[in-house]
Amino acid sequence: MIRFSEVSKSYPGGHDALKRVSFEIDKGDFVFITGHSGAGKSTLLRLIALIERQSGGEIVVNGQSLNRIRRAHVPYYRRRIGFIFQDHRLLSDRSVFENVALPLTIAGLTPNETGRRVRAALDRVGLLSKEKDLPAQLSAGEQQRVGIARAVAHKPDILIADEPTGNLDAELSHDIMELFDLFNQVGVTVVIATHDLDLLRSFGHRSITLRAGQVEAEQERTE
Amino acid sequence: MTRPAAKVTPRQRSGIGAGGLGAWLRAHRSAIAATLQQFARHPFAHVLTIAVLAVTLALPIGLYVVLGNVERLTEAWDTNQTRMSVFLKTNVDDAQARRLAASVSGGPGIANVRVITRAEALDEYRAYSGFNEAIDAIGGNPLPAVLVIDPGEGADLQALVARLRSQPEVDTLKFDMEWVQRLQAMTALGQRAVRVVAGMLAVAVLLIAGNAIRVAVAQRREEIEVYKLVGATDAYIRRPFLYTGGLYGALAGLLACGVVAAMLAGVRAPARQLAQLYQSAFELNALAWPAILAVMVAAGFIGLLGAWWTAAHHIRRIDVR
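Owing to the predicted nature of the structure, the values given are computational and were not obtained by experimental measurement.

Conventions we followed
- Residues numbered from 1 in each chain as written.
- Chains lettered and ligands numbered in written order.
- Predicted model: local features only at pLDDT ≥ 70, side-chain atom pairs only at ≥ 80, totals over all residues.
- Heavy atoms only, no water.
- Pairing = 2+ DSSP bridges.
- Helix = DSSP H or I, 4+ residues; strand = E, 2+ residues; numbered from the N terminus.
- Axes fitted to C-alpha atoms, helices over the stretch in contact; angles between N-to-C directions.
- Contact = heavy atoms within 4.5 Å.
- Expected span 1.5 Å × (residues − 1).
- Buried < 20%, exposed > 50% of the residue type's maximum accessible area, 1.4 Å probe, protein only.
- Arc of directions from axis to C-beta.
- Core = buried A, V, L, I, M, F, W, Y, C linked by side-chain atoms within 4.5 Å.

Draft legend 1. Region of the structure containing the sheet that holds strand 8 (residues 189–193) of chain A. Residue and element names in this part refer to chain A. With mixed pairing, 6 strands are arranged side by side in an open sheet as 6-7-8-3-9-10. Strands at the two margins of the open sheet, each flanked by one partner only, are strand 6 (81–84) and strand 10 (214–219). Put simply, the sheet's adjacent strands are angled 15° from each other on average, direction ignored. With 4 bridges joining them, strand 6 and strand 7 (residues 158–162) adopt parallel strand pairing. Bridge pairing in strand 7 links I84 to A161. In the packing of helix 5 (residues 140–152) onto the sheet, contacts are made with strand 6 and strand 7, and the angle to strand 6 comes to roughly 165°.

In structure tokens, the structure reads:
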């Protein structure tokens, strides 16, 4: 599903964020990317979402080499991915419903179909009753769940989350992770960057540990 | 426009990406809705931009209207007409003027003679010049009597002019058409000037609209980032800004026409008085609806162009952080 072959990313000024990183994630996998801050976790996720381009090596997603996706096709590529940030990045002047509907409206779905899918996504994250609220009226945990609903509303093949629980306490974090588990169980490939090792251990999924831009360790799934 | 996702095999295709005309229409409908929402949310900023554009547009529109009226006025005169005004010396009194009129009328090449006595000349001047008090201060009547002569058809004008000039009472002689011809020449020049000014101001409108859109794009940077994150194309993000630019232009055009119409209404009565002075039924032409519509379309197009120019550039440079 996602294959990194000798992928490097260096920034102008000589900083190497990733150095010859290779790994493979199968379809339907649930993988944690972990490591200290600055280890290259975010960069790795941003390369998958084509927010940035690698400097060397090859990334293949869904059998498609990302090198070959031209700029004009990036939006269509992103429609097959759901991305979740630590800061939920919701539009503060739109209701919960409108926020979740955004990827669907952009993709040109009919209002009926959009409404159906938005409510399904909100139902999944347990916020169906808050569809008319503005993001500011919600708690931090609820806001993050709206962000997740937005990321899954268009039924992506891959869910990518960068420190999705960074702003949440242990209990809420656990709830959010269970939500990701739920999506993983219906076949969505999930990749989550986190430095919360306790959380990581309690779920026992496969993990890839980065250190200074290189793969330091890989931990297989523990059941 | 929604293009089908590129190079997506059926296996890869997730349940999204409706295409076709329906999606295209929905995209435009949602862009128009987004534009109107923006207008409703921040009316003041939008009104301000429209006002600036309207003032810029009002100048060339006003000049065109004035020129159009002058042109119509001079065209109404038959420039082949050779009516002449014969100004008598100021020491020639009304009685002498009438005697002279009687003696020349019926002469060769003369169809009609009308006398404007010194008193009549003064009355007209008082009525229309507004220099009432100045005339009172001078005391007496500084104006000469005038003979208005219409030469007969096929008259030998040179001989007629020579004969009139030789009369001791005659001071100067003017063909009325001379100034009409001068006015026509000036109008032609004016038209060129207006065209240059209009061109420059069209560029100004382009820049103002473009700059307003640039600011709007910068202000909504975070929103644009989110749109890009969830797969919006540049074209999709650009669309509401283009509608906004077009709407700016069209509304500013309408407002500018309103301003010009108000100015025309203000000078209508004096213009009518002036026309009466020349025994003319001339009426100022106001802006007709087709002209207003044309202004709105043209200004809307310029606004759209300005928006396109900056929005395309700046939206392209924004991406998810």
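More follows now that the structure is in view.
Draft legend 2. Structural view of helix 4 (residues 118–129) of chain B. All names here are of chain B. For helix 4, spanning 12 residues, the distance from its first C-alpha to its last is 16 Å, which sits close to the expected 16 Å at 1.5 Å a residue. When we look at burial in helix 4, the residues that qualify are R118, A121 and L122. Looking down the long axis of helix 4, one finds its buried residues gathered within 95° of arc, a one-sided arrangement. Set apart from the buried face of helix 4 by more than 90 degrees, the exposed residues are D123 and A127. Those residues of helix 4 that are buried lie in contact with helix 3 (94–104), strand 2 (110–116) and helix 5 (132–138).

Draft legend 3. Up close: the nonpolar core. The biggest cluster of nonpolar side chains holds 46 residues, and the ones touching the most others in it are I61, Y227 and F241 of chain B. Secondary-structure elements contributing two or more residues to this core are helix 3 (96–106) of chain A together with helix 1 (20–41), helix 2 (43–76), helix 7 (176–219), helix 8 (221–229), helix 9 (234–277) and helix 10 (289–317) of chain B. Among the elements that take part in this core, helix 9 of chain B stands out by supplying 12 residues, more than any other. Sequence-distant contacts of Y227 of chain B, that is, excluding residues within four places in its chain, are made with L91, R94, L102 and I106 of chain A together with A232, Y236 and I237 of chain B. In terms of nonpolar packing, the next biggest core, distinct from the first, is built from 37 residues, V100, V118, L159 and L199 of chain A among them.

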